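Coordinates in review
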Amino acid sequence: MSIKAIQELSGIHWDTIRKVQREIMDEAIWEREKMLREEGYKPMILAVDEFAIHKGHSYATCVMDLEQGDILWVGKGRAMKDFEKFFEDVPSDSLLAVIAVAMDMNASYNKLVTKHLPKARIVYDRFHMQSQFGRDVLGAVRLDEARRLQQQDQGR
C-alpha cells in the first residue's frame, strides 16, 4: 500500500508511516545482508546501468546481482569517477566470484570493469547493441542513399 492509502485508512501522520516503513526496510536489508555474509555468498553475475533522477537532469548508477536480484550499490552520477566509487565502496574480496557484468555500451563502465574485474566477461545488452547498430550502420546507409539521390537529381 502507498503511504497515502495507509494514512487515509489509519489517520496516522504521513511522516510517521514513512519512518516506520523505513525502519522495517532497513531491518529487512540488514537481515538479508547478514544472512548472505554468513552463507559466504559472493555475486557471480552483475549488471550496471544508469537511470535518470528528476526528469533527466541528474543521474545515478546502479549495480545489481542478477542471480539474486539484489541491488548491491547505487551512487549519484553516471560518469567514470562516479562508477569508480562502487569499487571503492564494495570490498574487493566480495567480488572475487564475478564472472560476467552486463551493461550498456558505456566505454567508462567497460574500462572500470576491465580494470577491477579482469577475469569477468563483459556482456552488452541487446537493446543498446541494436540501437548502436541503427545509428552506425543504418545511418551510413541513409547517408549513402541521400548522396546517391542528390547526385541523381543533379544529373537531371
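What counts and how
Numbering of residues starts from 1 in every chain and runs along the sequence as written. Local features in this predicted model are restricted to residues of pLDDT 70 or higher, and side-chain atom pairs are both shown and tallied only at a pLDDT of 80 or more, whereas totals for entire chains, interfaces and linings draw on every residue. The side-chain figures draw on all heavy atoms in the structure; neither hydrogens nor water molecules are used. Numbering goes from the N terminus for both helices and strands, where a helix is a DSSP run of H or I of at least four residues and a strand is a run of E of at least two. We compute the radius of gyration over the C-alpha atoms and compare it with the globule rule, which gives 2.2 Å times the number of residues raised to the power 0.38. Between buried and exposed lies partly exposed: a residue is buried under 20% and exposed over 50% of the maximum accessible area for its type, with that area taken using a 1.4 Å probe on protein chains only. Note on contacts: a residue pair qualifies if any of its non-hydrogen atoms lie within 4.5 Å across the two residues. In short, Shrake-Rupley with a 1.4 Å probe defines the accessible areas, and a residue's cover is counted only from the protein chains shown. Positive: Lys, Arg. Negative: Asp, Glu. His and the chain ends are not part of the count. Here the site of a charge means atom NZ of a Lys, CZ of an Arg, CG of an Asp or CD of a Glu. When DSSP finds at least two bridges between two strands, those strands are taken to pair. Convention adopted: a line fitted to C-alpha atoms gives each axis, helices being fitted over their contacting stretch, and angles between N-to-C directions are expressed from 0 to 180 degrees. When two rings of Phe, Tyr or Trp (its six-membered ring) have centres within 6.5 Å they constitute a pair, described as stacked for plane angles under 30 degrees, edge-to-face for angles over 60, and tilted for the intermediate range. Residues are said to line a cavity or pocket when one of their atoms sits within 4 Å of a point; the points come from a 1 Å grid over protein atoms alone, cavities being sets where a 1.4 Å probe fits but cannot get out and pockets being open sets with protein on both sides within 12 Å along at least five of seven lines. Grid points are joined across faces, edges and corners, and a volume is the space filled by probe spheres set on the points. Each residue is assigned to one class: nonpolar for Ala, Val, Leu, Ile, Met, Phe, Trp, Tyr, Cys and Pro, charged for Asp, Glu, Lys and Arg, and polar for all the others, Gly among them. Salt bridge, as applied in this entry: a Lys or Arg side-chain nitrogen positioned within 4 Å of an Asp or Glu carboxyl oxygen. Identification of polar contacts relies on pairs of N or O atoms within 3.5 Å, with a donor-acceptor requirement for protein atoms, meaning one able to donate a hydrogen and the other able to accept it, and with residues adjacent in sequence counted only if both atoms are side-chain atoms.

**Overview of the overall build of the chain**
The helix and strand tally for the chain stands at five helices and five strands. Along the chain, helices and strands appear, N-terminal first, in the series α-α-β-β-β-α-β-α-β-α. Relative to the compact-globule value of 15 Å for 156 residues, the chain shows a C-alpha radius of gyration of 23 Å, a clear excess of over 25%. Its C-alpha atoms give the chain principal-axis dimensions of about 80 × 45 × 25 Å. Here the chain, with 156 residues, has 24% of them falling under the buried criterion. Within the chain, contacts between residues separated by at least 24 positions form 35% of all contacts whose residues are at least 6 apart in sequence. Summed over all atoms, the accessible surface of the chain reaches about 11,500 Å², with 57% contributed by carbon and sulfur. Computing the positive centroid from 23 side-chain charges and the negative centroid from 25, the chain places the two 6 Å apart.

**Section: the sheet that holds strand S1 (residues 45-53)**
Spatial strand order, S3-S2-S1-S4-S5: five strands in an open sheet with mixed pairing. Each end of this open sheet is capped by a strand with a single partner; those strands are strand S3 (70-76) and strand S5 (121-124). Sheet twist, expressed as the mean angle between neighbouring strand axes with direction ignored, is 25°. Note: S1 against strand S2 (residues 58-65), eight bridges, orientation antiparallel. Directly across from Val48, in S2, lies its bridge partner Val63. Its contacts with the sheet put helix H3 (residues 80-89) on S1, S2 and S3, and the angle it makes with S3 is roughly 130°.

**Focus: the packing of aromatic side chains**
If you walk through the whole model with that rule in mind, you get five aromatic pairs. Centroid distance Phe83 to Phe86: 5.9 Å. Interplanar angle 10°. Geometry classified as stacked. Taken together, the residues span about one helical turn, with Phe83 and Phe86 both in helix H3 at a distance of three residues. Here Phe83 matches Phe86 in class, with each residue buried.

**Structural notes on the layout of surface pockets**
The space that makes up the largest pocket amounts to roughly 640 Å³. Around the largest pocket sit 20 residues that line it, and Glu33, Leu36, Arg37, Ile71 and Leu72 are the ones nearest its centre. Elements with a minimum of two residues in the lining of the largest pocket: helix H2 (14-39) and S3. Residues that form the lining of the largest pocket fall into these classes: ten nonpolar, two polar and eight charged. Volume-wise, the second largest pocket comes out at about 180 Å³. Every residue lining the second largest pocket is listed: Phe87, Ser92, Leu95, Leu96, Val98, His116, Leu117, Pro118, Lys119 and Ala120. Class assignment of the residues belonging to the lining of the second largest pocket gives a composition of seven nonpolar, two polar and one charged.

**Looking at the pattern of salt bridges**
Evaluation of the coordinates by the stated rule reveals seven salt bridges. Between Asp15 and Arg18 there is a salt bridge; the shortest N-O distance is 3.7 Å. Residue Asp15 and its partner Arg18 are located together in helix H2, separated by three residues, close to a single helical turn. For Arg18, a relative accessible area of 35% corresponds to the partly exposed category.

**A few points about the side chain of Asp82**
Mapped onto the elements of the fold, Asp82 is located in helix H3. For Asp82, a relative accessible area of 8% gives the class buried. Polar contacts involving the side chain of Asp82 include one to the main-chain amide nitrogen of Ala79, which spans 2.9 Å. Excluding its chain neighbours within four sequence positions, the residues that come into contact with Asp82 are Trp73, Lys76 and Gly77.

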